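Here are the chains, one letter per residue:
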Amino acid sequence: GILNFCANNYLGLSSHPEVIRAAVEALEKFGAGLSSVRFICGTQSIHKDLEEKIARFHQREDAILYASCFDANAGIFEALLTPEDAVLSDELNHASIIDGIRLCKANKYRYKHMDMQDLEAKLRDAQKHRLRLVATDGAFSMDGDIAPLKEICQLAQKYDALVFIDECHATGFLGPNGRGTDELLGVMDKVTIINSTLGKALGGAAGGYTTGPKPLIDLLRQRSRPYLFSNSLPPAVVGCASKALDLLMESNAIAQSMAAKTQRFRSKMTAAGFTISGKDHPICPVMLGDARLAAVMAEDMLNRGIYVIGFSYPVVPKGKARIRVQISAVHSDEDIDRCVEAFTEVGRKHGALP
């Protein structure tokens, strides 16, 4: 009787019967796990097949699997960048990008959130370094806003920099075929490196990856510590992620269904008087400002059969408390309307609405 409106299950594939069946079949055929890291005896044919499929999906040369995208972000900067290099990071990048950058010895620049003038100033200053890497989330998880990749790529070309994007909240449903923000914004040939997850839209279980030029992937297989020293992904996880990619590459219908559902929720909530952050993304933060208000409203929403969670400091800045709603392809129009009605009732009860 509870509707889940706070999962990263954007395409509803974590409960898709074909995805579940693929996981069971992989479990029965390949076992529970390898008890090993990849370079010892932890690589099966399904791991190589999934890496090839990920690269094909993103139209890149190669891909490498990790236990999570947190691990992928922890493993790339240290392996790629030296003290002679520079990394330029959006100030609101995900914690895993921030942690990954901390691990490397490159010169670190932080530019204001999606501020292209500030990025250009920092790129200009970073010209003295050997290599420059601009790192940004494709879609930012707290606010549901989308990085201005066209402008970022133009600046990167102007100042001879590489572009890295984290696509955890974009892979599978943004862009005409669900390939992410680079497809959505028409810069697939200009983004050098993509890190993303198998644990959200692509089956919802676990796992992450890096995809990009083959020489980079070869380097990561030799030097990326989370890859070298973590057990390989369990066969069941590989099986369900592989099937999720099959479904996406067979048809873009599921990915395209997200736009109308997202617009329905955003427009109805705005009409009711709420402020929804971000733009055209299924992450729909209902901005409330007060941490206690967000918590009590979320509790009351659950009493009305809608599962959402309040976010407050330190997850978001002080004064920016919100309830982050996430729309899924499995939400019906009736489900969305029921959620809006519950928000309206609860908002009036607690003074968030007049």
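Residues numbered from 1 in each chain as written. Predicted model: local features only at pLDDT ≥ 70, side-chain atom pairs only at ≥ 80, totals over all residues. Heavy atoms only, no water.

## What to know about the sheet that holds strand β11 (residues 310-311)
Neighbouring strands of a sheet are bound in pairs by backbone hydrogen bonds; such pairs are parallel or else antiparallel.
Here's step 1: The strand order across the open sheet formed by three strands is β9-β12-β11, and the pairing between neighbours is antiparallel. Each edge of the open sheet carries a strand with a single partner, namely β9 (283-289) and β11.
Here's step 2: As judged from the six bridges shared by β9 and strand β12 (residues 321-326), these two strands associate in the antiparallel manner. Following the sheet pairing, Ile283 is matched in β12 by Gln326.
Here's step 3: This element, helix α12 (residues 291-303), spans β9, β11 and β12 of the sheet and lies at about 35° to β12. (Pairing = 2+ DSSP bridges. Helix = DSSP H or I, 4+ residues; strand = E, 2+ residues; numbered from the N terminus. Contact = heavy atoms within 4.5 Å. Axes fitted to C-alpha atoms, helices over the stretch in contact; angles between N-to-C directions.)

## Things to note about the packing of aromatic side chains
Here's step 1: What the rule picks out here adds up to five aromatic pairs.
Here's step 2: For the ring pair Phe265 and Phe343, a centre distance of 6.5 Å and an interplane angle of 65° mean the geometry is edge-to-face. Linking Phe265 in helix α11 (residues 253-272) with Phe343 in helix α13 (residues 333-349), this pair joins segments that are 78 residues apart in sequence.
Here's step 3: For Phe265, a relative accessible area of 0% translates into the label buried.
Here's step 4: Consider the rings of Phe274 and Phe343, whose centres lie 5.8 Å apart with planes at 70°: the pair is edge-to-face. Residue Phe274 is found in the loop between α11 and β9, and its partner Phe343 is found in helix α13; the two are separated by 69 residues along the sequence.
Here's step 5: Residue class for Phe274 comes out buried when judged on its relative accessible area of 5%.
Here's step 6: The positively charged end of Lys318 is found above the aromatic ring belonging to Tyr313, 4.9 Å away from the centroid. (Phe/Tyr/Trp six-rings, centres within 6.5 Å; stacked < 30°, edge-to-face > 60°. Buried < 20%, exposed > 50% of the residue type's maximum accessible area, 1.4 Å probe, protein only. Lys NZ or Arg CZ within 6 Å of the ring centre and 35° of its normal.)

## A few points about the UniProt feature "domain: Aminotransferase class I/classII large" (unreviewed entry) in the protein chain
Here's step 1: If you check UniProt for "domain: Aminotransferase class I/classII large" (unreviewed entry), the listed places come out as residues 2-343 in our numbering.
Here's step 2: What you have in residues 2-343 is 43% helix and 16% strand, and the ends, taken at the C-alpha atoms, are 15 Å apart. (UniProt positions renumbered as here; feature names shortened; annotations may be inferred.)

## Considerations on the pairing of strand β3 (residues 86-90)
Here's step 1: The buried fraction of β3 is high, at five of five residues.
Here's step 2: Alternating residues of β3 divide into Ala86, Leu88 and Asp90 and Val87 and Ser89, and every residue in both groups is buried.
Here's step 3: Where β3 and strand β4 (residues 107-111) come together, five bridges link them in parallel fashion. Across the sheet, Ala86 pairs through a bridge with Asn107, a residue of β4.
Here's step 4: For the crossover from β3 across helix α4 (residues 95-103) to β4, the handedness is right-handed.
Here's step 5: As paired strands, β3 and strand β5 (residues 132-137) are joined by four bridges and run parallel to one another. By the bridge assignment for β5, Leu88 is matched with Val134. (Right-handed = clockwise from strand over helix to strand, strands pointing away.)

## So, the layout of surface pockets
Here's step 1: Reported here for the largest pocket is a volume of approximately 660 Å³.
Here's step 2: If you go around the largest pocket, you meet 26 residues; those closest to its centre are Glu91, Leu92, Asn93, His94 and Ile98.
Here's step 3: Residue assignment for the lining of the largest pocket shows that the elements contributing at least two residues are β3, α4 and β4. (1 Å grid on protein atoms, 1.4 Å probe; cavity = no way out; pocket = protein on both sides within 12 Å on 5 of 7 lines; lining within 4 Å. Points joined across faces, edges and corners; volume = space filled by probe spheres on them.)

## Description of the domain arrangement of the protein chain
Here's step 1: Domain assignment breaks the protein chain into domain 1 (16-250) and domain 2 (252-350).
Here's step 2: Relative to domain 2, the C-alpha centre of domain 1 lies at a distance of 27 Å.
Here's step 3: On the side of domain 2, 18 residues touch domain 1, which itself brings 16 residues to the contact.
Here's step 4: Between domain 1 and domain 2, roughly 1300 Å² of surface is buried when both sides are summed, and carbon and sulfur atoms account for 58% of that area.
Here's step 5: In terms of surface lost to domain 2, no three residues of domain 1 exceed Met142, Asp143 and Phe173, which account for 43% of the buried area on that side.
Here's step 6: Counting every contact that joins domain 1 to domain 2 gives one salt bridge.
Here's step 7: Notably, a salt bridge pairs Asp143 with Arg322, separated by 3.2 Å at the nearest N-O pair.
Here's step 8: Inspection of the domain 1/domain 2 interface yields seven residue pairs in polar contact (both at pLDDT 80 or more).
Here's step 9: The class makeup of the residues in the side of domain 1 that touches domain 2 is eight nonpolar, six polar and two charged. (Domains from an automatic or database assignment. Buried area = accessible area lost by both parts, 1.4 Å probe. Salt bridge = Lys/Arg side-chain N within 4 Å of Asp/Glu carboxyl O. Polar contact = N/O pair within 3.5 Å; in protein donor to acceptor, adjacent residues only side chain to side chain. Nonpolar A, V, L, I, M, F, W, Y, C, P; charged D, E, K, R; others polar.)

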